[in-house]
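Each chain, written out:
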Amino acid sequence: MRGKLTLFALVFAMASLLLAGCGGEQKEEKKTEAPAAKKLVLGVAGAHSGDLASYGLPTVNAAKLVAAKFNAAGGVNGMTVEIAAQDDQCKPELATNAATKMVSDEVKIVLGHICSGATKAALPIYLESRIVCMSPSATNPPLTQSGEYPNFFRTIAPDDAQARLEVDFARKLGLTKVAVIHDKGDYGKGFASFCKDFADQEPGMEVVLFEGVTPGAVDYSAVVQKIKNSGAEGVIFGGYHPEASKIVSGMRKKGLEIPFMSDDGVKDETFIKVAGKYAEGVYATGPRDFSANALYKEAVEAHRKEFGTDPGPFFPEAYSAAIALLKAVENAKSMAYDDLIEALHSNYVETAVGKIKFDGRGDAEGVGFSVYQVQNGQYVEIK
Amino acid sequence: MDYFLELFFGGLTRGSIYALIALGYTMVYGIIELINFAHGEIYMIGAFTGLIVAGVLTHLGFPEGSMLVIALTCAVIWSAAYGFTIEKIAYKPLRGAQRLSPLISAIGMSIFLQNYVMLAQTSDFLPFPELLPRFAFLDRFSGVLGSSELVIIAMTALVCVGLSLFIKYTKIGKAMRATAQNRKMAMLVGINVDMVISATFVIGSSLAAVGGVLIASHIGQINYFIGFIAGIKAFTAAVLGGIGSIPGAMLGGLILGWTEAFATGYVSSDYEDVFAFCLLVLILIFRPSGLMGKEKTQKV
């Protein structure tokens, strides 16, 4: 009797799962439908639910706003733009599902995915079906640099671009010996490793110390001594502001007045507040400020009007990516894969993050980072 | 040689702070055989009290010299009140219970205090004013031993000596030693054991508050989470020295501080914690009761 009950429960559960699956699919089909002659479907993939939804949903909003803008101006090559959203929750296994769905719906251009891991999982599927994919937020360098995915583009600078800028700037300051310190975290250590590699390749530049500190440790005096002992002429730190302010104030208290450079985890007002007078003169790289762009202002205004809130993370990048994709269709005057790729590589487009074009690897030229320095208690961009 | 000295003093400073916090762990354990996991949070609350008091004093325009004294006093009183209350709320009702219950209650208290401070204050890092005096004559040596390090080391030494004298010569100190030896017997000879336990919590919390204000002023920042790591390190120091033993806690703190400083200086800061905890494991293998702990035979 018990066995039968369990069996029944199992069958029932499976049946309901199946039903749920069908229901979902029907709903999706209604939304997307096969692209008729007069429709251009812009796929949007990313985390639209789950704990990372706050990173993915601004992209959907951006796509909606851009689509509405193009439609109001008569569409793209006479086609009305439609949005087809697919949720991947930033999980690679769901990203492949989302990608397969895009393929079966015959979507030709996809805005997304959001997370690097999910993007990497989806890209081979897009490549096989010759679909163009553009991410507003996947910063993992190999996605473009490996050269495996000619169909992939992004409107955000990859992680190593910041490290490149950091090392170039150290060079400009005339440093020959640098100490590279990180916080052992994914972001901090990744950044620091890139800095170390670039500095090693740089002729006449030497990394005299490469070490990780433990976040939250009582003090960093030993590391500061070590920096001093290593004879470094400057410090590059990868990580966030609490550790940076402890290290820099320790250095200054020990009379170590060498330049301190860090990443956008430190380009934060809290750093200046906490480190106080010791923050003065610290360099940090951070995303280029594009709040002065007319299109950026327009996008934020449109978002406030349509959704009643300020846009979330990666919104300007997503807005720009949507424009770049639709403009590519316009410029290519076709939906063929090769034409689209060609159009993305060769035409400059005006976007919220500035006037951009994509380089041979798919990274947007023109977006990126700037160096800032703390001067009189605030970050000032160094031109 | 300079490098060695620099690391030595760096380790000594850090070790002093560990020792100050570890004393609270060890005293409480010595008396009621409970590991007070909320002790790290008392240290954090001490630092926050110091910050708030210093803020108010700056606003009122107090001279800098008096600020450290007032901030320290307030932090000590406030933290002592917290320690006293925690014992009454979280441990006293469980005194007859199995040993696991007060331990879990302690962990609960620790999490509660962290979240309480986070909500009441902020989860951000806050700047802490430099309260420690600066000595001009030390500026030449600031690379080796700065003023704030010297103050921390001296204050810790002072506090430790004071505590030893207190325990050795005062009436309540004697009562504490008696209670630590045998609680039931102490009760029979007329010692108010509840009072002794409260006094232990009050003293331990005061020492932690001193440590909190000193280190916060030294590194210049605090947030609600600083008690966690400092607490774990101090607990390690207490076990290293032999939990329950007061000189053991001091020795354990210093040894831990030096281990970390020299591991960072001569090997790599990547391995700072690895060396610290390897040392703990080694000592526990060869001397299970810690460096200065006494082995007790437990009757079943």
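Here the structure is shown first, and the text comes after it.
Note that the structure is a prediction, hence the values are computed from the model and not measured.

Engineer: So what's going on with helix 6 (residues 159-172) of chain A? Residues and values would help.
Structural biologist: Residue and element names in this part refer to chain A. Between its first and last C-alpha, helix 6 extends 21 Å over 14 residues, near the 20 Å set by a 1.5 Å rise per residue. Within helix 6 the residues assigned to the buried category are Asp-160, Gln-162, Ala-163, Glu-166, Val-167, Phe-169 and Ala-170. Gly-174 lies just past helix 6 and shows a positive phi near 85 degrees.

Engineer: Account for the sheet that holds strand 7 (residues 206-212) of chain A, naming residues and giving values.
Structural biologist: Residues and elements named next belong to chain A. Taken together, seven strands build an open sheet; the order of strands is 7-6-8-9-10-14-15 and the sheet is mixed. Taken across any chain shown, the strands that pair with only one partner, and hence form the sheet edges, are strand 7 and strand 15 (378-382). Each strand axis lies, on average, 30 degrees off the axis of its neighbour in the sheet, ignoring direction. Where strand 14 (residues 369-375) lies against strand 15, five bridges are found, and the strand directions are antiparallel. Across the sheet, Val-374 pairs through a bridge with Tyr-379, a residue of strand 15. Strands strand 6 (177-182), strand 7 and strand 8 (234-238) of the sheet are contacted by helix 7 (residues 186-201), whose axis makes an angle of about 165 degrees with strand 7. Set on the sheet, helix 9 (residues 241-253) makes contact with strand 6, strand 8 and strand 9 (260-262); between it and strand 9 the angle comes to about 175 degrees.

Engineer: Which residues make up the interface of chain B and chain A, and what are the values?
Structural biologist: Facing 31 residues of chain B, the contacting portion of chain A comprises 31 residues. Here chain B packs against chain A, burying approximately 2600 Å² in sum over the two surfaces, 48% of which is carbon and sulfur. Here chain B and chain A share four salt bridges between them. In this structure, Glu-130 of chain B engages Lys-277 of chain A in a salt bridge whose closest nitrogen and oxygen atoms are separated by 3.9 Å. The tally of links from chain B across to chain A stands at 12 residue pairs in polar contact (both at pLDDT 80 or more). Secondary-structure elements contributing two or more residues to the side of chain B that touches chain A are helix 1 (2-32), strand 1 (126-127), helix 8 (193-219), helix 9 (226-241), helix 10 (246-267) and helix 11 (272-286) of chain B. With six residues, helix 1 of chain B is the single largest residue contributor to the side of chain B that touches chain A.

Reading the values: rules and limits
- Residues numbered from 1 in each chain as written.
- Chains lettered and ligands numbered in written order.
- Predicted model: local features only at pLDDT ≥ 70, side-chain atom pairs only at ≥ 80, totals over all residues.
- Heavy atoms only, no water.
- Helix = DSSP H or I, 4+ residues; strand = E, 2+ residues; numbered from the N terminus.
- Expected span 1.5 Å × (residues − 1).
- Buried < 20%, exposed > 50% of the residue type's maximum accessible area, 1.4 Å probe, protein only.
- Pairing = 2+ DSSP bridges.
- Axes fitted to C-alpha atoms, helices over the stretch in contact; angles between N-to-C directions.
- Contact = heavy atoms within 4.5 Å.
- Buried area = accessible area lost by both parts, 1.4 Å probe.
- Salt bridge = Lys/Arg side-chain N within 4 Å of Asp/Glu carboxyl O.
- Polar contact = N/O pair within 3.5 Å; in protein donor to acceptor, adjacent residues only side chain to side chain.

Fair warning: the whole summary comes from geometry, so function is off the table for now.
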